[in-house]
Structure formats: structure tokens, C-alpha cells
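# Survey of secondary and tertiary structure
Letter by letter, the chains look like this.
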Amino acid sequence: MESKKSKGKRLIVFAILGIVVTLFFGAIAGGLAQGAASTQTHAIVLGQDSAVNYAWGQNATSKEYSALPIATASASNGTYMTTITNTYYAKIINSTGVVTGYKYDTVNILSTNLTLGLMNTYAVDKVAFATTGLSGNVTAVLGDGTSYSNFEPVSAYTVTKANKTLQNLTFAVSPAMITGNQSSDMMLELEFSNYSITTYTVNPSVTGIHSTLFGYTTAEDIGYVTATGLLVVSVFFVIPFHDVSFSNAYGRMNQVAGKVRKKPSRNGSKSKGRK
């Protein structure tokens, strides 16, 4: 029979273990996934999937989106460069009624064929967009979705470059960032600080592993199975309706071991001879 003191200690220890596992369930799995992927060689992968295949511009007045003309061509390292033609939403007219310029959309959303599922499978840890034709302050937002209407941002930052030489809008990718709908596509939102952006190019490249045997998804599954096992063990040992006496079990093991040591060998006894 387990003592009340032993049972109390058992309940506390395994209750704490269960709480810790529950709170850090996702972190344990995500950490294992990232750690496993970091041990493998990363290179540029999924070039065709990461190419821009749709683009939309937002009218600054009506806030509505419309499709933008794009042209995509093969680039270096298996990647693809896309030229996006921005559209204008208003004319700039001087005091005499002459059109002197145009106000172009200040928000563009670009979509690719690269799904979150593929990013997990290939353990993508970095996404970079090499660009030309942009100037001024540009806010780059990495996200996912299927169109401009359900775009979900996951990471963002603002950069300042002059002379239209913006290069390498780079995002570090962690497993936690790509746990959403695995059929959603990787997308990029660009917010321009001025309305003079007309035509620009974007060349996406993603870095991941060539072997898909141990990507984020596989490692996360192992982490979830491990955490689930710990949780099941914790639940079993916090049930107060049964006794688990570790000290008694340890004592019984010692008794068994002692009996084994004292057991005489088959040839250990001598027979008595006749006098």
C-alpha cells in the first residue's frame, strides 16, 4: 500500500509535468522540427513554385483591388523573375487642366504557388525577394492566403532605399510561422510610401532542404507523439485511486536480486562419501 506522503509527492510531480507538457506542447514540437532541419544542408529550392503568378493593386481612393499585369521569365539558380506593372488610380492635373502625371496604387499584393505544406515539407527557413524599380520607404509583409481578400500577414518590416535599388527583402521563416492552412499560398504585400511606383521586378528565392524525409512536418509529428506520450503517463500517475509505491517496488527489486545472488549453482554442493 502506497503511503499518503508518497502519493502526495507523486501527484504533485506528475501534475507539474502534465502542466508543463500542455503549456509547451507546440513549442516542444516546433523546437524539435527547427533543430532537426538546422542540421541539414539548406539551399535554394522550389524555384518554380515560389514564382509570382498573381498580383493585385489597391485603389487608394476606393480601397478596392484589381489585377495587375505581370510577366515572368526564368532567372538564375532555378528561380523566376516577374515584372509587375502597377496601375494608376488618379490623374495629376495642373491649374490649366493639363495632365502632368498619375497616382499609382500604393499597396500591391503578390501571390505565388508555394503552399505552406511545401514550405513545411522542405523545411524552408528563409524567403528572399530580390527587387528592382522600387524607391522610398517600402513596407514588406510576408503572409499567406489564396487571394488579396484573405491575406494573413506573418512577418513585416520597413526598408528605406533610394535610386530604385531595393534588393533582397529577406524574411527568416520558423515552423511556427507556417502552421496555418497547408493549402494556402505564400504571398507578399508591398506598401509604398509614394504613388510614383510604376513598374518593378521581383525575383523570389526560398532556402530549404532537398531531402524531404525529415522536414518540419515529420519532426513536428514526432514531437507531438512524444509530448502526447508524456501527457498520457502524467494523467495515469495523477489518478489518486490507485497505489504506486516506488519505495516498495525498489525494495522488492532488491529482494529478488538478493535471492538470485544467494541461489547456489547446480554443481556447487558436494556429496557425502562413505566412511
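How each quantity is defined
- Residues numbered from 1 in each chain as written.
- Predicted model: local features only at pLDDT ≥ 70, side-chain atom pairs only at ≥ 80, totals over all residues.
- Heavy atoms only, no water.
- Core = buried A, V, L, I, M, F, W, Y, C linked by side-chain atoms within 4.5 Å.
- Buried < 20%, exposed > 50% of the residue type's maximum accessible area, 1.4 Å probe, protein only.
- Helix = DSSP H or I, 4+ residues; strand = E, 2+ residues; numbered from the N terminus.
- Contact = heavy atoms within 4.5 Å.
- Pairing = 2+ DSSP bridges.
- pLDDT = per-residue confidence, 0-100.
- Phe/Tyr/Trp six-rings, centres within 6.5 Å; stacked < 30°, edge-to-face > 60°.
- Lys NZ or Arg CZ within 6 Å of the ring centre and 35° of its normal.

### Comments concerning the nonpolar core
Nonpolar side chains in soluble globular proteins tend to end up buried together. Counting residues in each nonpolar core, the largest one holds 32 residues, and the members touching the most others are Leu110, Met119, Val127, Phe129, Leu190 and Tyr200. For this core, the element with the most residues is strand S13 (residues 185-192), which contributes four residues. Once residues within four sequence positions are removed from consideration, Leu110 is found in contact with Val52, Tyr54, Ala55, Ile84, Met186, Met187, Leu188, Leu190, Tyr200 and Val202. Membership of the second largest hydrophobic core comes to five residues, among which are Trp56, Ile109, Val141 and Phe151.

### A word on the pairing of strand S8 (residues 107-115)
The side chains of a regular strand alternate between the sheet's two faces. Counting buried residues in S8 gives eight out of nine residues, a clear majority hidden from the surface. Where strand S2 (residues 52-58) lies against S8, six bridges are found, and the strand directions are antiparallel. Along S8, the bridge assignment pairs Gly57 with Asn108. Note that S8 and S13 share six bridges and pair antiparallel. Looking at the pairing, Thr115 lines up with Asp185 of S13.

### With respect to the confidence of the model for the chain
Per-chain confidence: the chain averages 79 in pLDDT, with 60% of residues scoring 70 or above. When pLDDT is averaged over each helix and strand of the chain, the minimum, 53, is found for helix H5 (residues 246-262) and the maximum, 98, for strand S5 (residues 80-85).

### A short note on the side chain of Thr131
Within the secondary structure layout, Thr131 lies in strand S9 (residues 126-132). Leave out the neighbours within four places in its chain, and Thr131 touches Leu166, Gln167, Asn168, Leu169, Thr201 and Val202.

### Some details on the packing of aromatic side chains
Throughout the structure, instances matching the rule amount to nine aromatic pairs. Where Trp56 meets Tyr148, the ring centres are 5.6 Å apart and the plane angle is 65 degrees; that geometry is what we call edge-to-face. You can see Trp56 sitting in strand S2 and its partner Tyr148 sitting in the loop between strand S10 (136-145) and strand S11 (152-161), a full 92 residues away along the chain. The partly exposed category is assigned to Tyr148, whose relative accessible area is 34%. With a centroid separation of 5.8 Å and an interplanar angle of 75 degrees, the aromatic rings of Phe192 and Tyr200 are classed as edge-to-face. Look at Phe192 and you get buried, because its relative accessible area is 7%. Classification of Tyr200 as buried rests on a relative accessible area of 1%. What links up through ring pairs into an aromatic cluster is the set Tyr54, Trp56, Tyr65 and Tyr148. Here the guanidinium or amino end of Lys103 rests over the ring plane of Tyr195, the centre of that ring lying 5.3 Å away.

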